[in-house]
Amino acid sequence: MGPKLCFLIHLAIFAWYIFTLWSHCSLQSSKVHPGIALYGGRWKYLTFINLVLHTVFFGICFLTDAIQLLLAPKRVPLRLIKIRDAVFTTLVFPVGMFVVISFWSLYTYDRELVYPKFLDDIIPTWLNHALHTGILPLLLIQLCLQHHQYPSRGKGILGLALFDALYLAWVLWIHHASGIWVYPIMAKLSPGGLVLFFAGAALTMAPLYLLGERLSTAFWETDFISVPNRHRHAPEQ
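Presented here is a report on the structure given in the accompanying data block. Predicted, not measured: the structure shown is a model, and the values here were computed from it.

**Digging into the overall build of the chain**
Line of reasoning, step 1. In terms of helices and strands, the chain carries nine helices and zero strands.
Line of reasoning, step 2. Scanning the chain from its N terminus toward the C terminus, one meets helices and strands in the order α-α-α-α-α-α-α-α-α.
Line of reasoning, step 3. The buried share among the 237 residues of the chain stands at 42%.
Line of reasoning, step 4. When contacts within the chain are restricted to residue pairs at least 6 apart in sequence, long-range pairs at least 24 apart make up 78% of them.
Line of reasoning, step 5. With the model as given, the accessible surface of the chain reaches about 12,600 Å², and the carbon-plus-sulfur share is 71%.

Structure below.
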């Protein structure tokens, strides 16, 4: 895929995430659901953190493409490319997939555990799907659009585990400081149930990291992508 088309796709996705982030931040809390006004604000929700993460990542992609078009492929800073690849492989893909799978799994089982019905009157349907559905096809588009160099498996999973630990510590601190649980399901679990829930959520991340690695390898090493074509994409990495 040519650098101009790649640039346009990243521009469109980045603009979409900017618009989604702006729309999310424009939501007002209510007496029924004052969640964003409580301790931690929007930053206590993994969905919002994931939204910011994706916005930043596609901003990096857009910047990388712009530098490539304005200067030359060889003038793109190698450090910027490494940052782009590290953020996508270690965080953006596995965390994004986790948000989609965990949200819709709990929603299907009992939506009150994760997204109570009264939120339909606060969060527009399109925004709900932008936060919990639309990120999946955009992740797959990016995975096929550019070849991302994966770090060693140990380093990648360790980086993801560090993110998991920090978010878990943040959730526990919010409960300690304010007495509230970030998601309704947490308030319904016993201490033992909470341990199993947190452990299960954390352990789910590693397979999702490996899934991204496997899909990337399968796509970029397939016979449908010729060797010369892969070489043409090398500067875009």
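**Here we look at a nonpolar patch on the surface**
Line of reasoning, step 1. The grouping of Trp16, Phe19, Trp22 and Trp126 at the surface amounts to a nonpolar patch, some 460 Å² of accessible area in total.
Line of reasoning, step 2. Element by element, the count of residues in the nonpolar patch is highest for helix H1 (residues 3-25), at three residues.
Line of reasoning, step 3. Tracing the sequence through the fold places Trp22 in helix H1.
Line of reasoning, step 4. Here Trp22 falls in the exposed class, since its relative accessible area comes to 58%.

**Quick word on helix H4 (residues 125-132)**
Line of reasoning, step 1. Those residues of H4 lying buried are Leu127, Asn128, Ala130, Leu131 and His132.
Line of reasoning, step 2. The elements touched by buried residues of H4 are H1, helix H2 (46-70), helix H3 (78-110) and helix H5 (135-145).

**Observations regarding the nonpolar core**
Line of reasoning, step 1. In this structure, Leu46 and Tyr183 are the most contacted members of the largest nonpolar core, which totals 51 residues.
Line of reasoning, step 2. Elements with a contribution of two residues or more to this core: H1, H2, H3, H4, H5, helix H6 (153-178), helix H7 (184-187) and helix H8 (191-220).
Line of reasoning, step 3. Examining the composition of this core, we find that eleven residues originate from one element, H3, more than from any other.
Line of reasoning, step 4. Excluding anything up to four places from it in sequence, Leu46 contacts Val95, Phe98, Val99, Phe163, Tyr167 and Tyr183.
Line of reasoning, step 5. Core analysis: the next-biggest nonpolar cluster, separate from the first, contains five residues, Ile60, Ile67, Val76 and Ile81 among them.

**Re H3**
Line of reasoning, step 1. Over its 33 residues, H3 extends 46 Å from the first C-alpha to the last, a length consistent with the 48 Å expected when each residue adds 1.5 Å.
Line of reasoning, step 2. If you look at H3, its biggest bend is around 45°, right at Phe88.

**Overview of the packing of aromatic side chains**
Line of reasoning, step 1. Evaluation of the coordinates by the stated rule reveals 22 aromatic pairs.
Line of reasoning, step 2. Through a chain of ring-to-ring contacts, the aromatic side chains of Tyr17, Phe57, Phe58, Phe88 and Phe93 assemble into a single cluster.

**Section: the pattern of salt bridges**
Line of reasoning, step 1. Per the stated rule, a full pass over the model turns up three salt bridges.
Line of reasoning, step 2. Two residues, Arg84 and Asp85, come together in a salt bridge whose shortest N-O distance is 3.2 Å. Residue Arg84 shares its accessibility class with Asp85, and that shared class is buried.
Line of reasoning, step 3. Two residues, Asp120 and Arg111, come together in a salt bridge whose shortest N-O distance is 3.0 Å.

**Considering the environment of Asp85**
Line of reasoning, step 1. Here Asp85 lies in helix H3.
Line of reasoning, step 2. Once the C-alpha coordinates of Asp85 and Phe57 are considered, the two residues, 28 residues apart in sequence, prove to be 9.4 Å apart.

**Describing the packing of H1 against H5**
Line of reasoning, step 1. Between H1 and H5, the least distance of the axes is 12 Å, while the angle of their chain directions is 155°. On the basis of the axis angle, H1 is roughly antiparallel to H5. Viewed along their axes, H1 and H5 form a crossing whose handedness is left-handed. Taking contact as the criterion, the partners of Cys6, Ile9, His10, Ile13, Trp16 and Tyr17 in H1 are, on H5, Ile135, Leu138, Ile141, Gln142 and Leu145.
Line of reasoning, step 2. Its residues placed into classes, the contact of H1 with H5 shows nine nonpolar, two polar and no charged.

**Let's talk about the packing of H3 against H6**
Line of reasoning, step 1. One can describe the packing of H3 onto H6 by two numbers: an axis separation of 9 Å at closest approach and a directional angle of 60°. As summarised for this structure, H3 and H6 are arranged oblique, according to the angle between their axes. The two elements H3 and H6 meet at a crossing, and its hand is right-handed. Here Thr90, Leu91, Pro94 and Val95 of H3 lie close against H6, whose contacting residues are Gly156, Gly159, Leu160 and Phe163.
Line of reasoning, step 2. Broken down by class, the residue content of the contact of H3 with H6 amounts to five nonpolar, three polar and no charged.

Scoring rules and cut-offs
Residues numbered from 1 in each chain as written. Predicted model: local features only at pLDDT ≥ 70, side-chain atom pairs only at ≥ 80, totals over all residues. Heavy atoms only, no water. Helix = DSSP H or I, 4+ residues; strand = E, 2+ residues; numbered from the N terminus. Buried < 20%, exposed > 50% of the residue type's maximum accessible area, 1.4 Å probe, protein only. Contact = heavy atoms within 4.5 Å. Areas by Shrake-Rupley, 256 points an atom, 1.4 Å probe, with all protein chains shown as cover. Patch = residues over 30% accessible without salt bridge, like charges linked within 9 Å, V, L, I, M, F, W, Y side chains within 5 Å. Salt bridge = Lys/Arg side-chain N within 4 Å of Asp/Glu carboxyl O. Core = buried A, V, L, I, M, F, W, Y, C linked by side-chain atoms within 4.5 Å. Expected span 1.5 Å × (residues − 1). Bend = angle between axes of the 7 residues up to and from the residue. Phe/Tyr/Trp six-rings, centres within 6.5 Å; stacked < 30°, edge-to-face > 60°. Axes fitted to C-alpha atoms, helices over the stretch in contact; angles between N-to-C directions. Parallel < 35°, antiparallel > 145°, perpendicular 65-115°, else oblique. Left-handed = near helix turned anticlockwise from the far one by under 90°. Nonpolar A, V, L, I, M, F, W, Y, C, P; charged D, E, K, R; others polar.

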